[in-house]
There are 2 protein chains.
Amino acid sequence: MFQNFDAPSRAHPITDRLVALRAHLARAGLAGFVVPHADEYQGEYIPASAERLAWLTGFTGSAGAAVVLAKEAAVFVDGRYTLQVRDQVDVADFTPEDLIAAPPHTWLKGRLKAGDRIGYDPRLMTLAEVRRLETVCNAAGAAFVALDENPIDAIWHDRPAAPLFQVMQQPDELAGESADAKIARLQAILADKDVDAAILAQSDSIAWTFNIRGADVPHNPVVLSYALLRRDGRPTLYVDGRKLSNSIRDDLAKRADIKEERAFLADLTALGKSGAKVLVDPQTTPALFAQTLVAANGVLVEGADPVVLPKARKNAVELDGTRRAHRRDGVAMTRFLAWLDANGAKGTETEISVAKKLETCRAEAGEADGSPLLEISFDTISGAGSDGAIVHYRVTEATDRKLEPGTLYLVDSGAQYRDGTTDITRTIAIGKPSAEMRDRFTRVLKGHIALATARFPRGTTGAQLDTLARHALWQAGLDFDHGAGHGVGVFLSVHEGPVRISKAGHLPPEPGMILSNEPGYYKTGAYGIRIENLIVVTPPAPIEGGDREMLGFETITLAPIDRNLIDTALLTPAERAWMDAYHARVREALAPGLQGVDLQFLIQATQPLDA
Amino acid sequence: MFQNFDAPSRAHPITDRLVALRAHLARAGLAGFVVPHADEYQGEYIPASAERLAWLTGFTGSAGAAVVLAKEAAVFVDGRYTLQVRDQVDVADFTPEDLIAAPPHTWLKGRLKAGDRIGYDPRLMTLAEVRRLETVCNAAGAAFVALDENPIDAIWHDRPAAPLFQVMQQPDELAGESADAKIARLQAILADKDVDAAILAQSDSIAWTFNIRGADVPHNPVVLSYALLRRDGRPTLYVDGRKLSNSIRDDLAKRADIKEERAFLADLTALGKSGAKVLVDPQTTPALFAQTLVAANGVLVEGADPVVLPKARKNAVELDGTRRAHRRDGVAMTRFLAWLDANGAKGTETEISVAKKLETCRAEAGEADGSPLLEISFDTISGAGSDGAIVHYRVTEATDRKLEPGTLYLVDSGAQYRDGTTDITRTIAIGKPSAEMRDRFTRVLKGHIALATARFPRGTTGAQLDTLARHALWQAGLDFDHGAGHGVGVFLSVHEGPVRISKAGHLPPEPGMILSNEPGYYKTGAYGIRIENLIVVTPPAPIEGGDREMLGFETITLAPIDRNLIDTALLTPAERAWMDAYHARVREALAPGLQGVDLQFLIQATQPLDA
C-alpha cells in the first residue's frame, strides 16, 4: 500500500555514466567532483529527482556520498550498508569506503595535488560540510570550487521532474497555535538574537511555522521549500506556485509573501547589500545561501535554526492530537498482534505478508476512527529471526523470510495521521521462545521501564538519560549500538531534532517534547529485540517527600508488550507494577475500539504478570 | 598540625591599596586592570606570594577575580563564597558579583568605552581567558593590554618571597616508570601530533614527567616550575636552582637541561624563530608563553597538555602504592571512627577538635606503617549538623560548632603519603538519627553502590555514569549540586583531570584511572550527607553469559560506612550483598593494623546488615 518491497537492482550501465561524468569534469577543468546523497533541502528523505548518488553509483541507501576523480572514485557508506553497497555498486568503478571512519575529506587528503580544482554543488552541501572539504583542499594547495550547475544534472537526461504535491493546511485546531502567533514568536527570537533575518532551509521547520503540510517526499509530510523570516516585516515563502491551490495561497498570503524558489538568491543578495545580520544554521543550510549573503556583504550569524526548539516543545493541542493518534494506532497494532498471535507460527507468513497486514490494520483503524492513515511514517522494519538482528533492516522480495516457530519477530513501524505521528516497535515470540531470548527481552524491558519511569531535574541531558536504558544490559555484559531515543514530530518527521537520548545527546529534554524510548538487544545471525514506545516529557512537578521538582515521562504508545517474553523473576516489584499498570492502561484505552477475537486477545495479552 | 583553622580576617586597610592601585593605573594610562586569583602556574593552590587577589580585596577564597576601573571595582566569586565575600570585602570598594553568571568579561561589556586600555598580567591568565576578554574589549573599541609588570607587585611592598621548598625524587619503585621512559613516551606523542615541542605549564604534569615532588604549595606536592618537551632532544626544566640539592640536580641533569625560570621566555623566542610547531594547552598555559612564541613566528598548535592522559592512566606500581596508602589511611580512619563512636555524642567535641584528632590518627598510622603522613591532601571539611550542608565548608575558630546528639557529622579528608593520595568522606550519626536522615543516607548509598558496581563499555563518558549516582535520589525528588566524582593523582593533586563523573564529564574513564565516588545529599540549615570512596577503573573484562567486555570499578578506600544510618528495607538484595561484602573486605584488610577497642569497633562496625 505505501511501502515498496522491490529488491534493490543494478539495472543501469553505471560505468557509462561515470565515463560521461569524467568527460564533463575534464571539459570543465575539474580534477574531481563530490556527490552527496542529500538534496537541496537536507532532509532525511529525498524525491526521485534528487537521487543523484543512486543514479551515478547504483547505491540506493538513505545516506552516503561519492567522490569522483579522474582515475579513481569512491562511494562512502555507513555500517548499515556495507553489504548492500557491494551488491549495488561495481567496485571496479567505485571503491566502497567507510563514511564515518574515512569520510570524503579524509579520503581526499592524500589524493590531492597543488592546483587541483575539486567541484561541488553548493546547493547540496551545508556550510559545515563545505568547510571540512575546503580545509583539506586548501592544505594541499588545491581549490574546492562551487559550481553553478551540477554536472550530474547536465548528463542525467531522463531525470524525473521535481515532486509537485499539493500543499494542505494544518488547521489551528490541530496545530494548537496559529501561523501568525508562531511567526510573532520567531520574530521575538530573532530580536533576542539581535539578527535582522533568518534563513529557514529545513522543510519541517517551514511546515511547522506556516502550519502547512505536503507530500513531496515519502513518509515526511513536508513541503519542499525555503523561507526567509524577518525580524520586522512579513516573511517570504519560496515555493513552487503549482503546489498551491487558490485557497491555500490566499491564506498564506495573509501573512507571507509567496515567491518562486528561484527568487531566493536575488532576495538574499538584496538582503546582504542592506548589511543585514542573518541567522544561518551551518549544519542544515545549503552553503550557497551563506555564500550569496557574504558575497553581498551581509553579516552571517551562525546558530541553530530558530524553529527547531519551539517546534520540538509541543503544545497541549498537539499532545492531545498525538495521544488520539496513538489510541487509534494502538487499536490497529492490537488487531495486528491478535492476527499474528493466531497465524504467526503457522509457517505460512513472511516478513512482507506480515508488514502488509499491519498496513491494512492501520488503514482500517484510521477509517473507523474518521482520521485516515495518510502515510506510514517510515519504511516498516519487519524482521523475522536473524533479520531482526539487523538494526535498519528493510525487507525486499529478495530477502523476504518466513516467520518460524522458536524465533522472534521484530516489527518497527509508524503512521502519519493528521493529528499525530506514531512510531512503535514490538518484538513477538513466534512459538516458544528460548530461556536466553526471555532473559535478553526482560533486560531490554528493564531499560525501557527505567527510562519510562525516570524522574530528573531540568537540564539533565539525553546522554545522561541514555544510561538508564542500558544499565541492566551493561551489568550482564550486553549492549546495543543505537541511541535509546529520538525526537518525533506531530504529523511531521518521525526523526525530529534537536534532542535525542543517546551518547551524543548533549541537549536536555524539555517539557512537551515527544521522544522515543527504544532500548534493544541484537544477536547477530540469531534474533533481534527492541521495545519502543513514544514518551512525552512532563513538566517539573514535586514528588511527595522530596524537595526538588522533577521532570518525567508520560508513555503515550498503547499496545501490549509480549508477556511470553518476560522472565518475571528478573523484574523488581516496582518494575512488575509498572508493567501491569501499563497493560491495564492499554486495555482500558483500546477495549472500546475492539471486538470479538481482537478484544479477547487484548484482554488476555494485558493480564497482570503474575496471573 | 597541617590545617590552619584561623578565621578569615579583614585586618588590612583595603581602601588604601585600591587607591594606590588606581593611582598606578592612571600613571600607566590604563582605564582598568584585571586581577585573577590564579598564579602563574594555574594550580588549585597558590603560595602566599601569589595571593594578589586577597591582598587587594581581602577575599581569601580559592577561586575568584577582581576588576578595577577608575570609578568602580568588582570582586567575582562563585556560589560557595557569596556569604564569605561580604564578610571579607568592603562592598563600598568592591561590588560582589557572580563569577559564573556574570564573569568579568560579561561585567565589563557595558562599562567599556572606545579607546579604553584595560591591563592584565599575561603570566596569570590563560590564552582562553585572555581571548574572552579581548573579544569584549575589541567589540567596544577598547584594548586589552598585556603588561610587562604586574601593577599589584609594584605597590605590594611587603609581598612574601616565592616558596623555595626542596625538590625530592619520586623513586621508580613508587612511580612505576622511569622519567626517561615517560619522556620517550611523551616524545612519541609529540611525533604523533606532528609538533616539534610542547610547553608544560601545569606543575603536576611536570612532577609526573620528571618523577619529582615538592612542597611549594599546600596539599599538592608539586614543584612550581615550567618545562619544555622537545620531540627530538633533551627537555628543559625551568626551576629555581635553590630548590635543587646536588644529588637531585645531578639526577635530573642526566635527562634534562636545568635552567632558571627567567630563561624560559628567551628559549621560547628562539624556538619560535626556528619556526617550530609548539603544542600549547590554551586552558592552562599562561597567555604570555603563547604570545611570545607567536611574536617570534613560532607555530602555535592548540591542544590538551600531552601529560594529562598518560598521568591519569596509572600503572600497576602506582595502583599498588595507592592501595597500600588506602590500607594505612583506613587504619587511621577506623581508629578515628572508633574514637568518635565513643566520644562524639558527649557534647564536648567540636568540628576543629575532631578534625585535629583525625590528623593525629593519620600521623600515627603513617608512623606505625613506616610511611609518614607528609601532608593532608586538602583542607579537611569537618561539618557538624547544619555545617555539613555547606558543600565546601571549611571550619574556622569563628564558625567552630559542637557535635550534638541527634545530628549528623560529615568529614571529608585525605592524606598525602609517598605511595599515594587519599580522599574519603564519611557521614556519622551522632546519637540517634531521624528516620529522614536514614532515608536520605540510604538513597545516597544506593547511588554510591550503583556507581561502585557499574559495568560499562569503553567510551562511556563521566556524564553518562553520573546518572547512576543520582537515580535513586531523583526518583524521590532529591539531588545534590556537585559532581559524583573527580580524578585523583598518586602522591599528587587530589583533584586531577581530565576525567570527572559529572554532568560536564565529556571524557570516558579509562583503565587505571583513580576517581572518587561521592554522591551526597544536603538539607540547608539541617544536615549534610556524603559517602566517598576512591575507585579504580578496571580493564575491559568479559561477564559470564554476556557477549561484550565491560569496564568497571574497584573500590580502594577502606573504612566502615555507618550502619546506623542505613535503612536496610530500602536496599535491594544485591545492594545489601555489596554492603556486606565491602565491610567484610574492610575488616579483613584493616584488622591486622588495629588492636583493643579499635579492633572491637572495626568488628562491630563491619557486621553484616541483617546481623
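Keep in mind it's a predicted model, so treat the numbers as computed, not measured. (Residues numbered from 1 in each chain as written. Chains lettered and ligands numbered in written order. Predicted model: local features only at pLDDT ≥ 70, side-chain atom pairs only at ≥ 80, totals over all residues.)

Another point: unusual backbone geometry. Most peptide bonds take the trans form, and the phi angle of most residues other than glycine is negative. Across the junction of Gly 497 of chain A and Pro 498 of chain A, the peptide omega takes the value 0 degrees, indicating a cis bond. Summarising the element assignment, Pro 498 of chain A is placed in strand β22 (residues 496-501). Even without being a glycine, Asn 211 of chain B presents a positive backbone phi close to 50 degrees. You can see Asn 211 of chain B is positioned in the loop between α9 (203-210) and β9 (212-213). Residues other than glycine seldom take positive phi values, yet His 219 of chain B does so here, at roughly 75 degrees. Tracing the backbone shows His 219 of chain B in the loop between β9 and β10 (226-230). (Helix = DSSP H or I, 4+ residues; strand = E, 2+ residues; numbered from the N terminus.)

Further remarks concern the packing of helix α17 (residues 462-474) of chain A against helix α17 (residues 462-474) of chain B. The interhelical angle for the contact between α17 of chain A and α17 of chain B, taken along N-to-C directions, is 70 degrees, at an axis separation of 7 Å. Comparing their axes, α17 of chain B and α17 of chain A come out roughly perpendicular. At the point where α17 of chain A passes α17 of chain B, the crossing takes the right-handed sense. For the pair α17 of chain A and α17 of chain B, contact is made by Ala 463, Gln 464, Asp 466, Thr 467, Leu 468 and His 471 of chain A and by Ala 463, Gln 464, Leu 465, Asp 466, Thr 467, Leu 468 and His 471 of chain B, respectively. For the contact of α17 of chain A with α17 of chain B, a count of residues per class yields five nonpolar, six polar and two charged. (Axes fitted to C-alpha atoms, helices over the stretch in contact; angles between N-to-C directions. Parallel < 35°, antiparallel > 145°, perpendicular 65-115°, else oblique. Left-handed = near helix turned anticlockwise from the far one by under 90°. Contact = placed C-beta atoms within 7 Å. Nonpolar A, V, L, I, M, F, W, Y, C, P; charged D, E, K, R; others polar.)

Averaged over every residue, the pLDDT of chain A is 95; the share at 70 or more is 99%. Scored by ipTM, the complex comes to 0.93, with pTM at 0.95. (pLDDT = per-residue confidence, 0-100.)

Now for the pairing of strand β25 (residues 527-530) of chain A. Residues and elements named next belong to chain A. Residue alternation in β25 divides its side chains into two sets, Tyr 527 and Ile 529 and Gly 528 and Arg 530, and both sets are buried. As paired strands, strand β24 (residues 520-523) and β25 are joined by four bridges and run antiparallel to one another. Bridging across to β25, Tyr 522 finds its partner in Gly 528. Between the antiparallel neighbours β24 and β25 lie three residues, among them Gly 525 with a positive phi of about 80 degrees. (Buried ≥ 20, exposed ≤ 12 C-beta atoms within 10 Å, placed from the backbone. Pairing = 2+ DSSP bridges.)

Counting residues at the interface gives 24 residues for chain A and 25 residues for chain B. By residue class, the composition of the side of chain A that touches chain B is ten nonpolar, eight polar and six charged.

This part takes up the environment of Thr 524 of chain A. All names here are of chain A. Within the fold, Thr 524 resides in the loop between β24 and β25. Judged by the 10 C-beta atoms lying within 10 Å of it, Thr 524 falls in the exposed class. Each C-alpha atom of the pair Thr 524 and Met 333 lies 27 Å from the other, and the pair is 191 residues apart in sequence.

On to helix α11 (residues 264-273) of chain B, then. Side chains of residues three or four places apart in an α-helix project in the same direction, reflecting 3.6 residues per turn. Residue and element names in this part refer to chain B. The set of residues buried in α11 consists of Phe 264, Leu 268 and Leu 271. Buried residues of α11 fall within an arc of 60 degrees about the axis and therefore sit on the same side. In α11, the exposed positions that point more than 90 degrees away from the buried face belong to Ala 266 and Ala 270. Positive phi appears at Gly 275, one or two residues downstream of α11, with a value of about 80 degrees. (Arc of directions from axis to C-beta.)

Next up on the list: the relation of the copies chain A and chain B. Each of the two chain copies can be generated from the other by rotation about an axis followed by a shift along it. Structural alignment of chain A on chain B gives an RMSD of 0.0 Å, achieved by rotating through 180 degrees and translating 0.0 Å along the axis. Considering both components of the superposition, the chain copies are consistent with a two-fold axis. Closest to the rotation axis within chain A is the C-alpha of Gln 464 of chain A, separated from it by 2.3 Å. Taken as a fraction of all interface residues of chain A, those also at the interface in chain B reach 100%, which identifies the copy contact as same-surface. (Least-squares fit on C-alpha atoms with pLDDT ≥ 70 in both.)

So, about the packing of helix α14 (residues 316-343) of chain B against helix α15 (residues 351-368) of chain B. Residues and elements named next belong to chain B. In the contact formed by α14 and α15, the axes pass within 8 Å of each other and the chain directions differ by 140 degrees. With respect to α15, the element α14 is oriented oblique. Between α14 and α15 lies a crossing whose hand is right-handed. Contacts from Arg 328, Asp 329, Val 331, Ala 332, Arg 335, Phe 336, Trp 339 and Leu 340 of α14 reach α15 at Val 354, Lys 357, Leu 358, Cys 361, Arg 362, Ala 365 and Gly 366. Split by residue class, the contact of α14 with α15 holds nine nonpolar, one polar and five charged.

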